Amino acid sequence: MPAPASSPQAYVQQKAAASGSSFYYAFLFLPPERRAAITAFYAFCREVDDVVDEVSDPGVAATKLAWWQTEVARAFEGQPTHPVMQALMPLAPKFGIEARQLLAVIEGCQMDLTQTRYLDFAALEKYCHLVAGVVGEVSARIFGQSAPQTTDYARKLGLAFQLTNIIRDVGEDARRDRIYLPVNELQQFDVKAHEILKGVYSERFEALMRFQAERAQRLYDEALALLPPQDRRSQKPGLMMASIYRTLLHEIERDRFHVLHQRIALTPLRKLWLAWKMQALGIF
């Protein structure tokens, strides 16, 4: 495990900032305690996700994820050893963060070690719930959820975020021999797995990706429709992220889904501007 930085709080701040994620820019506008909680939780998600992405030996990766399962249990018993858990645990009770939620995220990462294809969208959705829907659920609580229905909004928004990530990362995932596009949908559009693995573009591939993007856009609309009016202000970080992610999705669409050889991304300045615009104009 990594050596601690000068403090657990400094460690998680560095971890979150270094990711360059859209999530980080939405956190900047939160009050200090909520920002500290979401930064620590996000750093936890990055730690376990990095195990899958950066450890080439599946056996070693499985051992590291098992360590994280033990660390979560130990932390909720009052004995965290990793700086991420040391930063998160003092805030977990106040924001209703539960061990089962952190373990669900780890479970999703464990799936990446054993499963590289998904037969249909229902199977993919189960995976997305673990790695993104649960993240949305925890985030909504930290942001200040007051209505129970906000959980449904947060889970669906997390699914939309994850599908956007899948669209953006098709080429990057293929280089790790992973294809998150459902097998039956590849068949529907007559796109062969080997074409994706070899980075071959075609009109069929573009049609498949447009189908994926339309589903993601639909989920954004459905998620926003689920958000109760009384929680629109508290959930503004999620709405900022939705603005950033939808803008990214539009950029990918504009580039005709040329995602097999490159990772299309927004600049940090543009992400910050999109988040600030929503904050400044009060588009909640």
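If you're wondering where the values come from, they're calculated on a predicted model, not measured in any experiment.

Description of the overall build of the protein
For the protein, the helix and strand inventory stands at 14 helices and zero strands. The order of helices and strands in the protein, counted from the N terminus, is α-α-α-α-α-α-α-α-α-α-α-α-α-α. At 19 Å, the protein has a C-alpha radius of gyration in line with the 19 Å of a compact globule built from 284 residues. Looking at the protein as a whole, 51% of its 284 residues are labelled buried. For the protein, the proportion of contacts with a sequence separation of at least 24, taken over those separated by at least 6, is 72%. Within the structure as shown, the protein displays about 12,600 Å² of accessible surface, and the carbon and sulfur contribution to it stands at 54%. Distance from the positive charge centre (33 side chains) to the negative charge centre (32 side chains) of the protein: 5 Å.

Observations regarding the packing of helix H3 (residues 32-54) against helix H7 (residues 121-143)
For the pair H3 and H7, the least separation of the axes is 9 Å and the interaxial angle reads 165 degrees. It follows from the interaxial angle that H3 and H7 lie roughly antiparallel. The interaxial crossing formed by H3 with H7 has right-handed handedness. Two secondary-structure elements touch here, H3 through Arg 34, Ala 37, Ile 38, Phe 41 and Cys 45 and H7 through Val 135, Val 138, Ser 139, Arg 141, Ile 142 and Phe 143.

Considering unusual backbone geometry
Positive phi, normally seen in glycine, also occurs at Arg 256, with a value near 55 degrees. Relative to the assigned elements, Arg 256 resides in the loop between helix H13 (236-254) and helix H14 (268-281). Residue Phe 257 is not a glycine yet carries a positive backbone phi of 60 degrees. Owing to a relative accessible area of 0%, Phe 257 belongs among the buried residues under this scheme.

Topic: helix H8 (residues 150-168)
Every α-helical turn comprises 3.6 residues, leaving residues that sit three or four positions apart pointing alike. Helix length check: H8, at 19 residues, gives a terminal C-alpha distance of 27 Å against a target of 27 Å (1.5 Å per residue), a fit within 8%. Burial within H8 is extensive, with 16 of its 19 residues counted as buried.

Digging into the packing of aromatic side chains
If you walk through the whole model with that rule in mind, you get ten aromatic pairs. Centre to centre, the rings of Phe 44 and Trp 68 are 5.7 Å apart; their planes meet at 80 degrees, and the pair counts as edge-to-face. Here Phe 44, found in helix H3, pairs with Trp 68, found in helix H4 (residues 58-76); they are 24 residues apart in sequence, far enough to count as distant. Neither Phe 44 nor Trp 68 differs from the other in exposure class; each is buried. Judged by centre distance (5.2 Å) and plane angle (90 degrees), the ring pair of Trp 67 and Trp 68 falls under edge-to-face. Take Trp 67: its relative accessible area is 25%, and that puts it in the partly exposed class.

As for the layout of surface pockets
Of the voids in this model, the largest pocket is the one considered here, and its volume is about 1,100 Å³. Contributing to the lining of the largest pocket are 50 residues, with Arg 46, Asp 49, Asn 165, Arg 168 and Tyr 245 lying nearest its centre. Elements that contribute at least two residues to the lining of the largest pocket include exactly helix H1 (8-19), helix H2 (22-27), H3, helix H6 (99-114), H7, H8, helix H9 (170-174) and H13. At nine residues, the largest contribution of residues to the lining of the largest pocket is made by H8.

Observations regarding the packing of H1 against H3
Direction vectors running N to C along H1 and H3 enclose 65 degrees, while the axes themselves pass 8 Å from each other. Put simply, H1 runs roughly perpendicular to H3. Helix-helix and strand crossings are classified by hand; for H1 and H3 the assignment is left-handed. In this structure, H1 contributes Tyr 11, Val 12, Gln 13, Lys 15, Ala 16 and Ser 19 to the contact, and H3 contributes Thr 39, Ala 40, Tyr 42, Ala 43, Arg 46, Glu 47 and Asp 50.

Some details on the environment of Ala 10
Note that Ala 10 resides in helix H1. Considering only alpha carbons, one finds Ala 10 and Ala 40, 30 residues apart in sequence, at a separation of 9.9 Å.

Observations regarding empty space enclosed by the protein
For the structure shown, the criterion picks out one cavity of 30 Å³ or more. Taken as a whole, the largest cavity holds about 40 Å³ of empty space. Considering the residues around the largest cavity, the lining is formed by Ile 166, Val 170, Asp 173, Arg 178, Ile 179, Tyr 180, Leu 181 and Ile 196. Here the lining of the largest cavity is built from residues that sort into six nonpolar, no polar and two charged.

Criteria and cut-off values
- Residues numbered from 1 in each chain as written.
- Predicted model: local features only at pLDDT ≥ 70, side-chain atom pairs only at ≥ 80, totals over all residues.
- Heavy atoms only, no water.
- Helix = DSSP H or I, 4+ residues; strand = E, 2+ residues; numbered from the N terminus.
- Rg over C-alpha atoms; globule rule 2.2 N^0.38 Å.
- Buried < 20%, exposed > 50% of the residue type's maximum accessible area, 1.4 Å probe, protein only.
- Contact = heavy atoms within 4.5 Å.
- Areas by Shrake-Rupley, 256 points an atom, 1.4 Å probe, with all protein chains shown as cover.
- Lys, Arg positive; Asp, Glu negative; His and termini not counted.
- Charge placed at Lys NZ, Arg CZ, Asp CG, Glu CD.
- Axes fitted to C-alpha atoms, helices over the stretch in contact; angles between N-to-C directions.
- Parallel < 35°, antiparallel > 145°, perpendicular 65-115°, else oblique.
- Left-handed = near helix turned anticlockwise from the far one by under 90°.
- Expected span 1.5 Å × (residues − 1).
- Phe/Tyr/Trp six-rings, centres within 6.5 Å; stacked < 30°, edge-to-face > 60°.
- 1 Å grid on protein atoms, 1.4 Å probe; cavity = no way out; pocket = protein on both sides within 12 Å on 5 of 7 lines; lining within 4 Å.
- Points joined across faces, edges and corners; volume = space filled by probe spheres on them.
- Nonpolar A, V, L, I, M, F, W, Y, C, P; charged D, E, K, R; others polar.

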